[in-house]
Amino acid sequence: MTPLYDDDNMPAMTDARTDAIRDTLLDHARTERSRRRLTLRRRLAIWGGIGVLVIGGAATAATAIVQAQRVTNSDIVYCLASAHRGGDGQFRYAAATLHNEATDSGAVADPIGVCQDMWRRGALDENTDQLAATPGVHAVPAHLQVCVMDDGSPAVVPGRAGICQAAGLAPQR
Amino acid sequence: MVDERDDAALWLEATAGTERSFGVIFDRYRARVFRKAYSRLKDVPDAEDVVAMVFLEAWRKRDTVRIVDGSVLPWLLSVTSNVLLNHDRSTRRWRRLLAALPEPEQQSDHADEVLDRFDHSARLQAVYEAMSALSRQERSIIDLCVVEELSAATVAAVLDIPVGTVKSKLHRAREKIRRRIPSHLMPEGRSELTARLDGASQ
């Protein structure tokens, strides 16, 4: 195992720099372990912070992507029980419409008013006894927002402003 | 007192927290690494810097060390080869530690010795220049097999590739090198260089 470059006349390392390199190596090996642990902790903290920012940014972006739309189909209103989808990916809702004699079709001029009435009658309360002679009085959410479904019909969702985007629906323009 | 423990035991101790064992490995192989670096750089302080960088890199990559037949030298030579290949990048990485080393002493002029060895040196430089046309892996194989004269099995273990791959790539790389070395640097008769490029040393 003789290297091609080997030569008896080759110079050697200088003593001063050899000693300095050895000291540097041993010092580096000694301190690098603790630095590596600190770096790992910092890296975890940084990536954790970045993760939070990414998730926040994605949520903001998703919110911004859902543009406000006009209600173009007033034949029906969907009164959603909550802004959360069920295990099957569907919203739980009750749909309602009002008959317009003049046009002989459905006409929902006040979606929130209709849905407040639906809530009051217990249509969106799971505990309502549907066979009872009178529905009784049920709680109406303090805040309801009008969102717009894909077909342009209104959907009334319980919650404050911004709940439409959270539900993945377009807010009403 | 010379520490006679084998490299594997020393490396294990060094990585487990006994830095002094790393110092023993440094003293065991620094001269060899220095000579390899000097043969390329022809400058003592620069070659000393490479020695420092090689052992710093070795420590940084300590989890991927390959100890072949109880020796860490083949792997260190491979690290040296990579440091020389990526000299600028390695210098940037270890700039702070290198800057802390003492200033180089005034060196005696080795020009006369260099002139004495001109033919040998010129051939060696021709080999190095010809190697620049090879792929990274071919270059490592030529460096370790032809320049360092390590066996194909050892190189295969260091580079973590099959022996057959080392042999086939070595064959192709030799052909490329022979074609690129100027004819006036290839002696007519048998020389160490031609013997190694012919594969006689394998």
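Conventions adopted
Per chain, the residues get numbers from 1 upward, laid out in the order the sequence is written. The naming scheme follows written order: chains are lettered A onward, ligands numbered 1 onward. With the structure being a predicted model, the display of local features is reserved for residues of pLDDT at least 70 and the display and counting of side-chain atom pairs for 80 or more, all residues being used for whole-chain, interface and lining totals. By definition, any uninterrupted DSSP run of H or I lasting at least four residues is a helix, any uninterrupted run of E lasting at least two residues is a strand, and each is numbered from the N terminus. Burial is judged by counting other C-beta atoms within 10 Å of a residue's own C-beta: 20 or more means buried, 12 or fewer means exposed, and anything between counts as partly exposed, with every C-beta placed from the backbone. We call two residues in contact when their backbone-placed C-beta atoms lie within 7 Å. By definition, pLDDT measures how confident the predictor is in each residue, and it falls between 0 and 100. Only strands joined by at least two bridges in the DSSP assignment are considered to pair.

### Focus: the overall build of chain B
- Of regular secondary structure, chain B possesses twelve helices and zero strands.
- For chain B, the succession of helices and strands along the chain, N to C, is α-α-α-α-α-α-α-α-α-α-α-α.
- The 202 residues of chain B split such that 35% are buried.
- Long-range contacts, defined as pairs at least 24 residues apart, comprise 61% of the intrachain contacts of chain B with a sequence gap of at least 6.

### Considerations on helix 10 (residues 152–159) of chain B
Residues and elements named next belong to chain B.
- Along helix 10, the residues that are buried comprise Thr154, Val155, Ala156 and Val158.
- Here the buried face of helix 10 lies against helix 4 (73–85), helix 9 (136–147) and helix 11 (163–180).
- Of the residues one or two after helix 10, aspartate 160 is the one with positive phi, at around 60°.

### Examining the confidence of the model for chain B
- Model confidence for chain B is summarised by a mean pLDDT of 85, while 85% of its residues fall at 70 or above.
- This complex was scored by the predictor with a pTM of 0.60 and an ipTM of 0.83.

### Points about the pairing of strand 6 (residues 154–158) of chain A
Residues and elements named next belong to chain A.
- For strand 6, the buried fraction is high: four of the five residues fall into the buried class.
- With two bridges connecting them, strand 1 (residues 77–80) and strand 6 associate as parallel partners. Of the residues in strand 6, the one forming a bridge with tyrosine 78 is alanine 155.
- For strand 5 (residues 144–148) and strand 6, the ladder comprises five bridges, and the chain directions are antiparallel. From the neighbouring strand, cysteine 147 faces strand 6, where its bridge partner is alanine 155.
- Turn length for the strand 5-strand 6 hairpin, with the two strands adjacent in sequence and antiparallel, is five residues, and the turn residue glycine 152 shows positive phi of about 90°.

### Describing the confidence of the model for chain A
- Within chain A, residue pLDDT values average 82, and 80% of them lie at 70 or more.
- The least confident element of chain A, judged by mean pLDDT, is helix 1 (residues 15–65) of chain A at 73; the most confident is strand 6 of chain A at 94.

### A closer look at unusual backbone geometry
All names here are of chain B.
- If you check the backbone angles, lysine 42 has positive phi at about 55° while not being a glycine.
- As for its placement among the helices and strands, lysine 42 is situated in the loop between helix 2 (19–41) and helix 3 (44–60).
- One non-glycine residue, aspartate 160, lies in positive phi territory at about 60°.
- Take aspartate 160: there are 8 C-beta atoms within 10 Å of it, and that puts it in the exposed class.

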